[in-house]
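Residue-level structural notes
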Amino acid sequence: MDPSAIVFPAFAMFMLTFSVLAYMAGSRLSAIRRREVSIRYYRRYSEGEQTPRLQVIGRHAQNHFEVPPLFYIAVLFLYVTGSVTPTAIVLAWLYFASRCVHSFIHLGNNNVSHRFIAFAVSGLILAGLWILLLLSVASPGAR
């Protein structure tokens, strides 16, 4: 098994984040053109207000800079310590998939109960990655 395979789910996660940021930028530009929000609002985020939809999109984009960095760090540590296993790769892809589901829900119907479940599942998967890392580092002979 090639340990660099762990990079692919991390790259996929990066592309998800990049897509969300592009969607947010496009949504904001469209709202400015339609005069739903003043461009001055974005100077200090205090002059006027965004539409509720733009607030949801902005909040979702911000989410990608909260817990997902812990995913990137786990992937990096797994790779650097030589701890990449098939299980780690599967968990990394599952984390990416659960974050896609979270994005779909948050930017879709935004059902808070469903969104929480997706968030919790992604958190458990991420915890699994960190536990794998810890077990591998704690018992180096097992690698």
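Owing to the predicted nature of the structure, the values given are computational and were not obtained by experimental measurement. (Residues numbered from 1 in each chain as written. Predicted model: local features only at pLDDT ≥ 70, side-chain atom pairs only at ≥ 80, totals over all residues. Heavy atoms only, no water.)

This part covers the layout of surface pockets. Within this model, the largest pocket holds a volume of roughly 180 Å³. Around the largest pocket, the lining residues are R59, N63, E66, V67, P68, R99, H102, H106, V112, R115, F116 and F119. Residue assignment for the lining of the largest pocket shows that the elements contributing at least two residues are helix 3 (52–63), helix 5 (86–107) and helix 6 (112–138). When residues of the lining of the largest pocket are assigned to their parent elements, the largest contribution, four residues, is made by helix 6. (1 Å grid on protein atoms, 1.4 Å probe; cavity = no way out; pocket = protein on both sides within 12 Å on 5 of 7 lines; lining within 4 Å. Points joined across faces, edges and corners; volume = space filled by probe spheres on them. Helix = DSSP H or I, 4+ residues; strand = E, 2+ residues; numbered from the N terminus.)

The next thing to look at is the nonpolar core. Counting 24 residues, the largest nonpolar core has I6, M13, F71, L78, Y95 and L129 as the members making the most contacts within it. At the level of secondary structure, the elements contributing two or more residues to this core comprise helix 1 (7–33), helix 3, helix 4 (68–80), helix 5 and helix 6. (Core = buried A, V, L, I, M, F, W, Y, C linked by side-chain atoms within 4.5 Å. Buried < 20%, exposed > 50% of the residue type's maximum accessible area, 1.4 Å probe, protein only.)

Glancing now at the environment of Q55. Along the chain, Q55 falls in helix 3. Each C-alpha atom, one on Q55 and one on S136, is 41 Å from the other, the two residues being 81 residues apart in sequence.

Turning our attention to helix 1. Along its 27 residues, helix 1 runs 39 Å from first to last C-alpha, staying within 8% of the 39 Å computed at 1.5 Å per residue. Those residues of helix 1 that fall on the buried side of the exposure criterion are P9, A10, A12, M13, L16, T17, V20, M24, S27, R28 and A31. Elements that come into contact with the buried residues of helix 1 comprise helix 2 (41–44), helix 3, helix 4 and helix 5. (Expected span 1.5 Å × (residues − 1). Contact = heavy atoms within 4.5 Å.)

A full pass over the atoms with the stated rule returns nine aromatic pairs. Seen in terms of ring centroids, F77 and W130 are 6.0 Å apart; in terms of plane orientation they differ by 85°. Their pairing is edge-to-face. A residue pair is termed long-range when its members are at least 10 positions apart, and F77 in helix 4 and W130 in helix 6 qualify at 53 residues. Its relative accessible area of 40% is what places F77 among the partly exposed residues. For W130, a relative accessible area of 29% translates into the label partly exposed. Among the aromatic residues, those joined into a ring-pair cluster are F11, F14 and F18. (Phe/Tyr/Trp six-rings, centres within 6.5 Å; stacked < 30°, edge-to-face > 60°.)

Purely geometric numbers; function is a separate question.
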